[in-house]
Amino acid sequence: MAVDKDKPQDEASMLSFCKITLSWDYFRLVKESCCGFCLSNSQIGSVSQVYGRLALSGGTCNSCSFGNRIPLEVEFVLFHKLASMYPELMSSSQLAFISPYRHQVKQFQEWFKETFGELVDMTTTDGCQIIRAWCHPSSEAGNYTAREIEGSQMSHTSSTAAGKRGKDQISEMLLMMHDATTVGVDLITISIGHAHALNFSDESISIGSFHAMKNGILTSNSAGNRGPRTDQLLVHIVYLGSLSRGEYETSSQHQSILQEVIGDSSVENVLVRSYKRSFNGFAAKLTDRERQKLASMEGVVSVFPSRTLQLHTTRSWDFMGLNQSITRKRSVESDIIVGVIDSGIWPESESFSDEGFGPAPKKWKGACKGGRNFTCNNKIIGARYYTTDDISGNTARDIQGHGTHTASTASGNEVKDASFFGVGQGTARGGVPSARIAAYKVCSPELGCAETAILGAFDDAIADGVDIITISLGGQNTLNFTEDVIAIGSFHAMAKGVLTLHSAGNSGPFIGSTVSVAPWLMSVAASNTDRLFVDKVVLGSGQTLVGYSINSFSSKGKTFPLVDGMDVSRPCESDFDPQLCTDGQGCIDSRLAKGKIVICQSFDGFNEVHKAGAEGSVSLNDVEFNKVSSVVSLPAVALNEDNFNSIYSYLKSTKKPEANILSTEAVKDSEAPVVADFSSRGPNEIVPDILKPDISAPGVDILAAFSPLGAVSDDPEDKRQAKFNVVSGTSMSCPHAAGVAAYVKSFHPDWSPSAIKSAIMTTAWPMNSSKNKDAEFAFGSGHINPVEAVNPGLVYETFEQDYIIMLCSMGYDERNIGKISGNISTCPKGSDKATPKDLNYPSMAAQVSPGKSFTINFPRTVTNVGLANSTYKAKILQNSKIVSIKVVPESLSFKSLNEKKSFSVTVTGKGLPNGAIVSTSLMWSDGNHRVRSPIVVHSQSHKSDQTEIQHDWTTSTGKNMYKY
């Protein structure tokens, strides 16, 4: 083994001491005299072939760390291999295991001590930049040029993420191979590769290895992980349905099932999580072959990959009529437990103080397992976390702010003088301030919201004894009910008497974009309130333009020069569009932008403008965020197209244009409520005969509690901390509906989930279709009305058996139906003749074939929860000219409470154009109560269809065309 005791004086000579193996993850051994040895975390076989220079040099040792994480078992075997290759190094050197992750260092210490004894003193060192400069410095590629391959993507062949992606990675790969070739290494090993085969002239490793070959250097490249079990492992959820009666401990069953599939491999390394408290299932790391084998086994309902889902008020409750003087049953409300499945909670917030609260309700079976530095109280009576990444830590504490915001919206305490730096000042409170909260943390900034965690949270929340579940997150696509974890979890919640409220999604205004479609949960759209946050920009000409933002900064009347983003940009090696101002690479010249207000054609541009040191930003607002204000990190305002054109015209026609951006103010919006453009729309992609979303609730510009560790805006340079923040989304509307559901339950503790849901839907405010262009596809039954929901008169009840019949009618496997329900071995008699339209749902919807005549029947049953002796008469609101509607019987007479009466609604028509909807409403009234159900007939079949909306209660036909 060659030893050079002279210290390298420059980077070039330094490189000659480094045995280069190319990988995106590194570890390094450091000798007391500074021994550098760069190794890849490649396949174990290639390590035994690593030979050539091992450099030793005197002087101070520079350290390095991982570029990314690598599996510990791979690290340990690599060290073992190295020890056998260089025993003299292992016995005479002080070694440092370099890692930014403490738990990895601890695990390595334990392993090393067991394997080699007390030979070394383990320490941790930082300095990832050093190894990158040493082993693959950013120098010119020299003899060959990287051919830009648009859209190409490199993928790591081990189980870890590759890190950087795309053309930058390809260029760096060529650069590293060039450096490795020129410094004279004997062998290059590469353990990453493309996901797909490419032409030799388009493939960086082929290009680099060709030039290495010309210089007499062999290149070894891994074949990829498309083969054995250890290569292509994905976490899958194995759903086994309901727990059998008396069955509470199922971990051994799960291990037994897994062992049968994976053979000799260790189950402990494969099993990720067991679901055994409220339903039956587990999560495990499986190959595709193992997935298929599991899916075919007796007793398995479904096996599907675990996806990562995304996280989807001082005035809002007053706007809905639930003011501070409203009648409440506080003692009963105090027994209500709201389960919040989200990003955790900030327990120190004033919104969650337990002052005046007694002990947790006796029915509570949960626990406070919030992790380190987390303490529950009599307000937050339970907490659990399912995230284990390094950023979130082992705690239920919210570091994003999202979970704190949603929890306080649903049931936060009353907090006076709450505001976001003075914006929206007032008393912040939840819908049920006296209710308790149980927080279930399933989301983190690093990993998103894993489905394995979400299903675990449902499993625990149901068994813990929550009354209501609010979950404001979701995916991008609709899924089969047996592969949708929120549908699965909420089904078992419903079966145990727990109503789940779910955000409809933020993918509007596209038709068919909602992914919250299960009929046993309540899907919530987002609408605005009558308080509108606006911002104004005053031009030098005296003209004032009104836009939108949450701008807490004051210019104190001072004006600043107004410039175009194009005029203050500099040449930049990126796809930077100077008129958009979006890039993130500093392409706006701070020397030109400083002290000015910059005009950008994208709202996201304010981040770049702020980084450049400008005084403010004026941007063009995105269409889907019309009348939605976002927090900005400097004086900034988003204008609609007309106002933006006005300021741009002023800029181009004025010699010395200038402007002043004022602070945000609140104004009254007389058009509210209107569904936000970002709110996801129906129809229901899985069950077109069930209308979704169900209801609309406030979700625009909502002020609520926030985590001081959460980012208050999208600008990474914005370091402000806030106790309250203004946020928009269906994530905000969902906890509003959850608060209302809890409020209704406080008056009717024995009501079923479907009765509470029906009460909310049938008492909703009708919404104006001329202001809500997608009608019921946007707002469902209407805007939530909490005061009326307490006394609905009649309710449409639906129970587990009814949902089972619906699933049977949809063709779900009869054997799986029994496993899901836990007590029904086969599909009930007559279910083969049923359709989803027969479900006793509070709204009525049907999909018909375009251009064909139709006759549709909706059988329904209502339960009297109003006055014992009462008679309700039916009325069709705004009779349609396109369809004919008949209700039989037209009156319902009740003699007692909880008495049930049935009726049918028949809708006939001559045919609808492709992609059209026709809608009206049925109202039952006894003079005291008005029970309204929307009736929707549509020929919409797919998201990509063009949609023609026909509203029968307007004087003209509105036609709105969309393409998804």
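Residues numbered from 1 in each chain as written. Predicted model: local features only at pLDDT ≥ 70, side-chain atom pairs only at ≥ 80, totals over all residues. Heavy atoms only, no water.

Comments concerning the sheet that holds strand 10 (residues 271–275)
We apply this condition: If DSSP finds at least two bridges between two strands, the strands pair. A run of H or I in DSSP counts as a helix once it spans at least four residues, and a run of E counts as a strand once it spans at least two, with each numbered from the N terminus. Inter-axis angles, ranging from 0 to 180 degrees, are taken between N-to-C directions of lines fitted to C-alpha atoms, where helices are fitted over the stretch in contact. Contact criterion: two residues are considered in contact whenever any of their non-hydrogen atoms come within 4.5 Å of each other.
Taken in spatial order, the four strands make up an open sheet running 10-11-9-12, and their pairing is antiparallel. Every other strand in the sheet has two partners, leaving strand 10 and strand 12 (302–305) as the edge strands with one partner each. Pairs of neighbouring strands in the sheet enclose a mean axial angle of 20°, with direction left out of account. Where strand 10 lies against strand 11 (residues 280–286), four bridges are found, and the strand directions are antiparallel. Bridging from a neighbouring strand, Tyr275 pairs with Gly281 of strand 11. Packed onto the sheet, helix 15 (residues 485–495) meets strand 9 (234–241) and strand 12 and runs at close to 30° relative to strand 9.

Overview of the packing of aromatic side chains
Applied cut-off: Ring pairs shown here join Phe, Tyr and Trp side chains whose ring centres sit within 6.5 Å, with only the six-membered ring taken for Trp; geometry is labelled stacked below 30 degrees between planes, edge-to-face above 60, and tilted in between. Working definition: with a 1.4 Å probe on protein chains only, accessible area under 20% of the residue-type maximum means buried, over 50% means exposed, and in between means partly exposed. Counted as over-ring charges are cases with an Arg CZ or a Lys NZ within 6 Å of the ring centre that also lie within 35 degrees of the ring normal.
All told, the structure shown has 11 aromatic pairs when counted by the stated rule. A centroid spacing of 4.9 Å and a plane angle of 85° characterise the contact between Phe420 and Phe421, whose relative ring orientation is edge-to-face. Look at Phe421 and you get partly exposed, because its relative accessible area is 42%. Ring plane angle 80° and centroid distance 5.6 Å describe the contact between Trp520 and Tyr803, whose orientation is recorded as edge-to-face. In this pair, Trp520 sits in the loop between strand 24 (499–503) and strand 25 (522–527) while Tyr803 sits in helix 23 (residues 800–809), placing the two residues 283 residues apart along the sequence. Linked through ring pairs, Phe481, Phe491, Trp520, Tyr803 and Tyr812 together constitute an aromatic cluster. Above the ring of Trp346, the side-chain terminus of Arg397 is found at 4.5 Å from the ring centroid.

Some thoughts on the nonpolar core
What counts, and what does not: Residues belong to one nonpolar core when they are buried, are Ala, Val, Leu, Ile, Met, Phe, Trp, Tyr or Cys, and are joined through side-chain atoms within 4.5 Å.
Counting residues in hydrophobic clusters, the biggest one holds 105 residues, and the most contacted among them are Ile454, Phe481, Leu501 and Trp520. With nine residues, the top contributor of residues to this core is helix 19 (residues 730–747). Not counting residues up to four positions away in its chain, the partners in contact with Ile454 are Leu309, Val442, Cys449, Ile471, Leu473, Val485 and Ile486. Counting residues in each nonpolar core, the second largest holds 27 residues, with Leu794, Phe854, Ile876 and Ala916 among its members.

Remarks on the pattern of salt bridges
Selection criterion: Within this document, salt bridges are pairs made up of a side-chain nitrogen of Lys or Arg and a carboxyl oxygen of Asp or Glu, the two lying within 4 Å of each other.
Scanning the entire structure with this criterion turns up 23 salt bridges. Between Arg291 and Asp288 there is a salt bridge, with the nearest N and O atoms lying 3.0 Å from each other. With Arg291 and Asp288 both in helix 10 (residues 288–295), this residue pair falls three residues apart, about one helical turn. Note that Lys363 and Asp467 form a salt bridge whose closest N and O atoms lie 2.6 Å from each other. A residue pair is termed long-range when its members are at least 10 positions apart, and Lys363 in the loop between strand 14 (337–342) and strand 15 (368–369) and Asp467 in the loop between helix 14 (451–464) and strand 22 (468–471) qualify at 104 residues. Lys363 gets classed as partly exposed once you look at its relative accessible area, which sits at 33%. The exposure class assigned to Asp467 is buried, which follows from its relative accessible area of 10%. It is possible to trace a salt-bridge network through shared partners that takes in Arg277, Arg384, Asp460 and Asp464.

So, the sheet that holds strand 25
Strands sit in the order 15-16-19-14-22-24-25-34 across an open sheet of eight strands; the sheet is parallel. Where the open sheet ends on each side, the last strands, each with one partner, are strand 15 and strand 34 (695–698). Relative to strand 24, strand 22 runs parallel, the two being bridged by four bridges. Bridging across to strand 24, Ile471 finds its partner in His502. Lying on the sheet, helix 13 (residues 402–411) is in contact with strand 14 and strand 19 (436–441); it crosses strand 14 at an angle near 155°. Contacts from helix 19 reach strand 14, strand 22, strand 24, strand 25 and strand 34, with the element oriented near 160° to strand 24.

Quick word on the side chain of Arg384
The following threshold applies: Two N or O atoms count as a polar contact when they lie within 3.5 Å, although within protein this holds only if one can serve as hydrogen donor and the other as acceptor, and sequence-adjacent residues are included solely when both atoms are side-chain atoms.
For Arg384, the position within the fold is in strand 16 (residues 380–385). Among the residues examined, Arg384 registers a relative accessible area of 10% and is labelled buried. At 3.0 Å, the side chain of Arg384 and the side chain of Asp464 are in polar contact. Apart from residues no more than four positions distant in its own chain, Arg384 is found in contact with Arg277, Gly366, Ala367, Lys369, Ala396, Ala439, Tyr440, Lys441, Asp460 and Asp464.

Side note on the side chain of Lys441
What counts, and what does not: Note on charges: Lys and Arg go in the positive column, Asp and Glu in the negative column, and His and the chain ends are not counted at all.
When you line up the elements, Lys441 lands in strand 19. Here Lys441 sits buried without a salt bridge, and the closest side chain of opposite charge, Asp398, lies 6.4 Å off (N-O distance). Among the polar contacts made by the side chain of Lys441, one reaches the main-chain carbonyl oxygen of Arg397 at a distance of 2.8 Å. Among residues more than four places away in sequence, those in contact with Lys441 are Asp342, Ser343, Gly344, Arg384, Tyr385, Tyr386, Thr387, Ser392, Thr395, Ala396 and Arg397.

A word on the confidence of the model for the chain
Reading predicted coordinates in detail is not appropriate for stretches of low pLDDT. Threshold: Scored between 0 and 100, pLDDT is the confidence that the predictor attaches to each residue.
Within the chain, residue pLDDT values average 78, and 72% of them lie at 70 or more. Under a pLDDT of 50 for its full length, residues 1–79 has, in the predicted model, 229 contacts with residues more than four places off or in other chains. In the model, residues 118–170 has pLDDT below 50 throughout and makes 141 contacts with residues more than four positions away in sequence or in other chains.

Observations concerning the pairing of strand 18 (residues 423–428)
For a regular strand, side chains alternate in direction, first toward one face of the sheet and then toward the other. Most of strand 18 is tucked away, with five of its six residues classed as buried. Note: strand 17 (residues 415–420) against strand 18, three bridges, orientation antiparallel. By the bridge assignment, Phe420 is partnered in strand 18 with Val423. Adjacent in sequence and paired antiparallel, strand 17 and strand 18 are bridged by two residues, among which Phe421 carries a positive phi angle near 50°.

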